[in-house]
Amino acid sequence: MKKAVLILLVAVLALAPAMADSYSGSSEDGSFGIGVNLGTSSGVGMKFGFGDFDLIANVGFDAFHFGDGVGIGGEIGLGYQVYDIKIDRQNHMPVTVGLLMPLGFYFGDNSSFWLGAAIYGGLEYQFPEVPILLYLRLGLGADFTIPAGAIDFLFAGGIGALWMF
């Protein structure tokens, strides 16, 4: 099982540079956004625009494992714009794909740590008159839990709003 997780993580990391050559990020180079994320890790959401790609990060409470104890989760990932839905002259909605690496710590009777890898698809909308970005991201992948040593199916996602600088 450990070999399968390692192979999955290596494959995800190997795809990132290949995707960077053919796609661009949906945010301007040098932009930064911070706001609220509701989803796999509900809390603070962030986005950094690098022109060729976007770096996304979320930190907060793990929304899917409250029964396991107190869960703190986070995600870091790369996003690329693959299509742009034109609504009118000023309004558009970038369609994004990317790679996410969610992780979580659970504190309670059965403390544990897990690390995952997921491929996600997303949709964004930037208001033309105010610097607010709305987004939706949904991803599928696999995760590995320590100390159980189990490989599980992973669902990762979130909906949020960011104030862009």
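From a predicted model like this one, the values you see are computed outputs, not experimental measurements. (Residues numbered from 1 in each chain as written. Predicted model: local features only at pLDDT ≥ 70, side-chain atom pairs only at ≥ 80, totals over all residues. Heavy atoms only, no water.)

1. A word on the pairing of strand E7 (residues 132–146)
Reasoning step 1: With 14 bridges connecting them, strand E6 (residues 112–126) and E7 associate as antiparallel partners. Paired with Trp-114 across the bridge in E7 is Thr-145.
Reasoning step 2: Linking E6 back to E7 in an antiparallel pair, the connection comprises five residues.
Reasoning step 3: Of the strand pairs in this sheet, E7 and strand E8 (residues 150–164) are connected by 14 bridges, and their pairing is antiparallel. Of the residues in E8, the one forming a bridge with Gly-141 is Leu-154.
Reasoning step 4: Joining the antiparallel neighbours E7 and E8 is a turn of three residues, in which Gly-149 adopts a positive phi near 70 degrees. (Pairing = 2+ DSSP bridges. Helix = DSSP H or I, 4+ residues; strand = E, 2+ residues; numbered from the N terminus.)

2. As for the confidence of the model for the chain
Reasoning step 1: The pLDDT averaged across the chain works out to 85; a share of 82% of its residues lies at or above 70.
Reasoning step 2: Mean pLDDT across the elements of the chain ranges from a minimum in helix H1 (residues 2–22), with 57, to a maximum in strand E1 (residues 32–39), with 95. (pLDDT = per-residue confidence, 0-100.)

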